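Structural overview
Now for the letters of each chain:
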Amino acid sequence: MRNERHDEPLSKAELELFLQYLHRLANHDVDQFALMQVGDSEYPVYVSFSRKPKAGVDPEVYRRP
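What comes next is a walk through the structure. Just so we're clear, the structure is a prediction, and the values are computed from it rather than from any experiment.

1. Observations regarding the overall build of the protein
In terms of regular secondary structure, the protein is built from one helix and two strands. Reading the secondary structure of the protein in the N-to-C direction produces α-β-β. In terms of overall size, the protein is more extended than a compact globule, its C-alpha atoms giving a radius of gyration of 14 Å where 65 residues would be expected to give roughly 11 Å. The principal-axis extent of the C-alpha atoms belonging to the protein is close to 35 × 30 × 25 Å. Considering the protein as a whole, with its 65 residues, one finds that 6% of them fall into the buried category.

Okay, here's the thing in structure tokens:
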């Protein structure tokens, strides 16, 4: 299922659903790490999921939604 509304921000309900899916992904699909490239192919966003904070970064700076 794909949503083609890439030119508009998520609604409040969509953001809540995204966060629920993100928590499920973290709990069930991220073993050690997961790397993704998403967004516009000309201006991609690189996303890293990991069980550990990035080296040298204080875990306190990570925001928990």
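So much for the structure itself; the text now carries on.
2. Description of the pairing of strand β1 (residues 33-38)
As judged from the six bridges shared by β1 and strand β2 (residues 45-50), these two strands associate in the antiparallel manner. For Met36, the partnering residue across the bridge sits in β2 and is Val47. Counting the residues between successive antiparallel strands, the hairpin from β1 to β2 contains six residues, one of them, Gly39, with a positive phi of roughly 90 degrees.

About the thresholds
- Residues numbered from 1 in each chain as written.
- Predicted model: local features only at pLDDT ≥ 70, side-chain atom pairs only at ≥ 80, totals over all residues.
- Heavy atoms only, no water.
- Helix = DSSP H or I, 4+ residues; strand = E, 2+ residues; numbered from the N terminus.
- Rg over C-alpha atoms; globule rule 2.2 N^0.38 Å.
- Buried < 20%, exposed > 50% of the residue type's maximum accessible area, 1.4 Å probe, protein only.
- Pairing = 2+ DSSP bridges.

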